[in-house]
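# Structure assessment
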Amino acid sequence: MSVTLDKVSREVNGVSWIRDVSLTLERGTLSVLLGPTLSGKTSIMRLLAGLDKPTSGRILVDDKDVTGFDVRKRSVAMVYQQFINYPTLSVYENIASPLRVQGVARDEIETRVRDAAKLLKLEPYLHRTPLQLSGGQQQRTAIARALVKGADLVLLDEPLANLDYKLREELRTELPRIFEESGAIFVYATTEPSEALLLGGRTICMGEGRVLQVGATPQVYRRPDTMEVAEVFSDPPLNTVGIEKKNGSIFYSGGERASVAGLYESLSDGAYKVGFRAHQLEVAAASPGRHAFVTTVSVTEITGSESFVHLKRDGYNWVAVLPGIHEFLPGQELDAVLDPNDLFIFDQTGRLVAAPAAR
Amino acid sequence: MDKTINNKAWFLVLPVFLIVAFSAILPLMTVVNYSVQDTFGNNQFFWNGVGWFKELLDPSTDLGDRFLASLGRNLLFSAIILAIEVPLGILVALSMPREGWRVAACLVILALPLLIPWNVVGTIWQIFGRPDIGLLGYTLNKLGLNYNYVSNSLDAWATIIVMDVWHWTSLVALLCYAGLKSIPDAYYQAAQIDGASRWAVFTAIQLPKMKRVLLIAVLLRFMDSFMIYTEPFVVTGGGPGNSTTFVSIELVKIALGQFDLGKAAALSIVYNLIILIVCWVFYTVMTNADNERAQTTGGA
Amino acid sequence: MARIDLVDLAHSYGGDAADRASYALKPMTMTWRQGGAYALLGPSGCGKTTLLNIISGIVTPSHGKVLFDGTDITRSTTRERNIAQVFQFPVIYDTMTVGENLAFPLKNRGLPRNEIATRVAEIAKLLDLTPYVNRKAVRLTADAKQKISLGRGLVRSDVAAVLFDEPLTVIDPHLKWELRSKLKALHQALDLTMIYVTHDQTEALTFADTVVVMHDGSVVQSGTPEELFAKPAHTFVGYFIGSPGMNIVPAQVKGNEAKIDGHTIRLNRTYDSLPLGAKIEIGVRPEFVHVAPPAPGLLSAQIERIDDLGRVRFARVRIGDAKIAARVPNGFSIPDKTAGLVFDPAHVHVYADSLLVEGRV
């Protein structure tokens, strides 16, 4: 079973929410809609679900045009950011509700509800009501209810965003297993690149209502087609700096001059934008083969496992990540180096010109 | 958000549509028709065009004089009761307990005046104010004040104003109470931390947060008081003389007293238009205030 | 600026008679030094907000005392304590401009006009609010409004402590780090006692000198970020701090060896007398467990999945019933489903009934 969006656009009151999107989703796949807030992720999900109608374009299920079909006619289930459960029903009843609506036999309901509860570790809580559960458990109930329906298309709209840090982490590691076991088409919307990387599957990178890039998640991560995609798919934010290649040297905006090496060698003379992720910037003294910079520390964010150092340089804000706990003080000067083999180079229009070789 | 389009839904609306057409739209069209004719019923119509409307707005004519005078009385009445009921309602809302069993008791007591049929309210005060058998009238006269709402226009005005305040302040109080309850505790805590005085808490936090609710309360009270008929009519009948004759009472006099249907129809249309315009103004102000609020908080 | 002492502090919403286990805040005694930056870190329902409310005066504790600079303020009102609080959502006075908001607390104290103006200008500059001083406060973005909330607290020069109750909740993710860096810079510039409540370990570890980890109403461990990371005193701390959290695996420990699923690993310390009947576990952070090709001397594990986070890879492996997360070194390609695990003995800890056991060196 496959779902296709064919040149779909959606405009409301003159504001364009989705522009000319064409996508195909195959059975048993997980697609991650990755993009900042208001990039169109929720709009696309609502179109897939049948809650909204596109202003132009068609939506096809197995090559059948379902554009005009109401959501009740489509085989779809949805999980929201706010844990939405029936407050007066027990967890068991909540999960069973779509099956009761479908008129499924009692014993089958029992089996399917218990299976879903087992998958989502809700067995000890089946008799409780949602308000007696923690946030994480409530969201698991919502996910169980979506899965038990056996819908062909399951949509999850930033389902972990309202959970505590640790709960988010926990649930995130369980989701891939849950998705694999189900076999439906999964579409998962998120603003966090790390979630996309953890879930795997395919990433559909979105920006301002358009699809920027589609591909296997590691692929989109390692080879972003444009600087916009690289920016969307980086957390902490992508570090950028402008360069000019001239007379056999690389001139960084801000003054540093470095020799042409690594990925710079393949470039023709001219101005470019260089992007690099936090782990591609090393906090270390200058060494041969590396391009060195002098930066000032704004703040160090510590997560325990890693430290994110926010740096200022020539009006640019950069972030570097180091393993372990490091306490650099605001105002401190730090040396940072770049490996010319390990960066993304974009031309003036933002298209990718050079990227690190695949490992 | 789109609403799903369901054409079958129109059929469900049809019966309501027919009933409304029958009981409201057709009679309205009749009134419009009458307003451009000169008639006393009896199926005799003489075309008058915009004649009545011109007369209504001309104080030198009898119709115009009566209309404009009663309109003035309505405006004065609405202004006075708003000036009393809004601050009083706010005060009552502020004094009400926020939690516990007392809340329910207060709400019930406040709701009682609102539940009484309006002509009964009028009758209560009519008897209450009588100098011979009314508790209020008797007491006031015994205290030396010469109180008689039948012969003294000032007394008549005072009586219907007090009656309206007694009847409707609860509505303002309940609306304001709802507005107050929606203020998160954090605001009061912050005010405590900032060392704010009781008055500062009122002006800086409570009043601004009640703005929306107050607008609704003012709108409702203005509309109701502007259309008022039953209560003052039962108490004073429009007298003494015509000192408490409001537009609604005037209208009934012309329509049912004099059977001058053309004039009455024209008057009722103009009356209706004034109310619609005022409501529209309020509504626009309210939705603008809402839009402003939505823009600044930005959904956070 | 004040030193805060909690003396045998406990709180039960149900009143005195309730049994100990249901207390929202179990008895605790702590001292927070003047000028320190403290974070109360824990999951929802651990009691951190209750503790903050007791310090700010919103809640009066059912047991124990709170002292500011030695003075018992347990029964004092919020106003008397002279604290400042920033709430989860911005609390500003709608009808006033930014400048008037900042001036409000000083006006209520009756300070002269020019003094108020100077102080407001100072604080506005500190918070980068100077360009907005004459704008209506309600029109600003959420992060600017939180700064105004904070500014109202800072504008009083004798404020005892500044309390933060999950203040970044409504801030856009890409602005959070800016506000975090501002808070940290402010703390260093002003030397104020600051107490920050959160469930987000990044916020806590970035902001605080001392992190107080709470769980189920008790303080589980209190220490610097390094201490909490390197030597968690409780398995909960090991799990809660670090992303991913510490691996906790049941094991048999004897002398300086631990046995997991029949395999032995060496420990840095010797553990002679572990309590009998206690649940013995070893804890080791994923950063200190490496995946390697299977080899006879190494613990063998089944690889369930590899999480590729771009800058680092973690392998989720299984030893018997136990699940462990381990780092995958760069350039290491996973041949097949089995791998060997290398443990760094310096970072393997032993826990009995969830509490850290200090071994003999």
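Just so it is clear, the model here is predicted, and its values are computed rather than measured.

### Points about the overall build of chain B
For chain B, the count of helices and strands is 13 helices and 2 strands. In terms of overall dimensions, chain B has C-alpha extents of about 75 × 70 × 35 Å along its principal axes. Contacts in chain B between residues far apart in sequence, at least 24 positions, make up 69% of those at least 6 positions apart.

### Points about the interface of chain C and chain B
Residue-level contacts link 20 residues of chain C with 16 residues of chain B. Mapped onto the side of chain C that touches chain B, the elements with two or more residues apiece are helix H2 (78-81), strand E6 (84-86), helix H3 (98-109) and helix H5 (142-154) of chain C. With 4 residues, H3(C) is the single largest residue contributor to the side of chain C that touches chain B.

### Digging into the confidence of the model for chain B
Averaged over all residues, the pLDDT of chain B is 87; the fraction at 70 or higher stands at 95%. Confidence, read as mean pLDDT per element, is least for helix H13 (residues 261-297) of chain B in chain B (81) and greatest for helix H7 (residues 153-181) of chain B (93).

### Things to note about the packing of H3(C) against helix H4 (residues 113-126) of chain C
Residues and elements named next belong to chain C. The geometry of H3 relative to H4 is characterised by a closest axis approach of 9 Å and an angle of 130° between their N-to-C directions. Looking at the two axes, H3 sits oblique to H4. Note that H3 runs across H4; the crossing there is right-handed. Between H3 and H4, the contacting residues are Gly99, Leu102, Ala103, Leu106 and Lys107 on the first element and Ile116, Arg119, Val120, Ile123 and Ala124 on the second. Taken together, the residues that form the contact of H3 with H4 break down as 7 nonpolar, 1 polar and 2 charged.

### Things to note about the sheet that holds strand E8 (residues 185-190) of chain A
All names here are of chain A. The strand order across the open sheet formed by 6 strands is E6-E7-E8-E3-E9-E10, and the pairing between neighbours is mixed. Edge strands, defined here as strands with exactly one partner in the open sheet, are strand E6 (76-79) and strand E10 (210-216). Taking each pair of neighbouring strands and ignoring which way they run, the sheet shows an average axis angle of 15°. Running at roughly 155° to strand E7 (residues 153-157), helix H1 (residues 41-49) makes contact with strand E3 (30-34), E6, E7, E8 and strand E9 (202-207) of the sheet. The strands that helix H4 (residues 135-148) touches are E6 and E7; relative to E6, the one it contacts most, it runs at about 175°.

### Looking at the interface of chain C and chain A
Taken together, the contact between chain C and chain A spans 32 residues of the former and 30 residues of the latter. Sorting the residues of the side of chain C that touches chain A by element identifies helix H6 (173-190), helix H7 (201-207), helix H8 (225-230) and strand E16 (299-308) of chain C as the ones contributing at least two each. No other element matches H6(C), which puts 8 residues into the side of chain C that touches chain A.

### Remarks on the environment of A:Pro236
All names here are of chain A. Mapped onto the secondary structure, Pro236 falls in the loop between helix H8 (227-232) and strand E11 (239-246). With 19 C-beta atoms counted inside 10 Å, the residue Pro236 sits in the partly exposed group. Note: C-alpha distance between Pro236 and Pro193 (43 residues apart in sequence) is 9.2 Å. With residues near it in sequence (within four places) discarded, Pro236 still touches Ala278, Phe308 and Val319.

### Notes on unusual backbone geometry
You will see that A:Lys7, though not glycine, has its phi angle at about 50°, which is positive. Take A:Lys7: it is sitting in strand E1 (residues 2-12). Of note in the backbone geometry, C:Asp191 takes a positive phi value of approximately 50° without being a glycine. Mapping C:Asp191 onto the fold places it in the loop between H6 and strand E8 (194-198). According to the C-beta neighbour criterion, C:Asp191 is exposed, with 11 such atoms within 10 Å.

### Quick look at the pairing of E9(A)
Residues and elements named next belong to chain A. Taken across its 6 residues, E9 has 5 buried, putting it largely inside the fold. Across 6 bridges, E9 lies against E10 in antiparallel orientation. Following the sheet pairing, Ile204 is matched in E10 by Val214. Where E9 hands over to E10, the hairpin turn is made up of 2 residues, of which Glu208 adopts a positive phi near 50°.

### Digging into the domain arrangement of chain C
All names here are of chain C. Split by domain assignment, chain C resolves into domain 1 (4-240) and domain 2 (247-357). Placing the centre of domain 1 and that of domain 2 at their C-alpha centroids yields a distance of 39 Å. At the interface, 7 residues of domain 1 touch 7 residues of domain 2. Here the side of domain 1 that touches domain 2 is built from residues that sort into 4 nonpolar, 3 polar and no charged.

What counts, and where the lines are drawn
Residues numbered from 1 in each chain as written. Chains lettered and ligands numbered in written order. Predicted model: local features only at pLDDT ≥ 70, side-chain atom pairs only at ≥ 80, totals over all residues. Helix = DSSP H or I, 4+ residues; strand = E, 2+ residues; numbered from the N terminus. Contact = placed C-beta atoms within 7 Å. pLDDT = per-residue confidence, 0-100. Axes fitted to C-alpha atoms, helices over the stretch in contact; angles between N-to-C directions. Parallel < 35°, antiparallel > 145°, perpendicular 65-115°, else oblique. Left-handed = near helix turned anticlockwise from the far one by under 90°. Nonpolar A, V, L, I, M, F, W, Y, C, P; charged D, E, K, R; others polar. Pairing = 2+ DSSP bridges. Buried ≥ 20, exposed ≤ 12 C-beta atoms within 10 Å, placed from the backbone. Domains from an automatic or database assignment.

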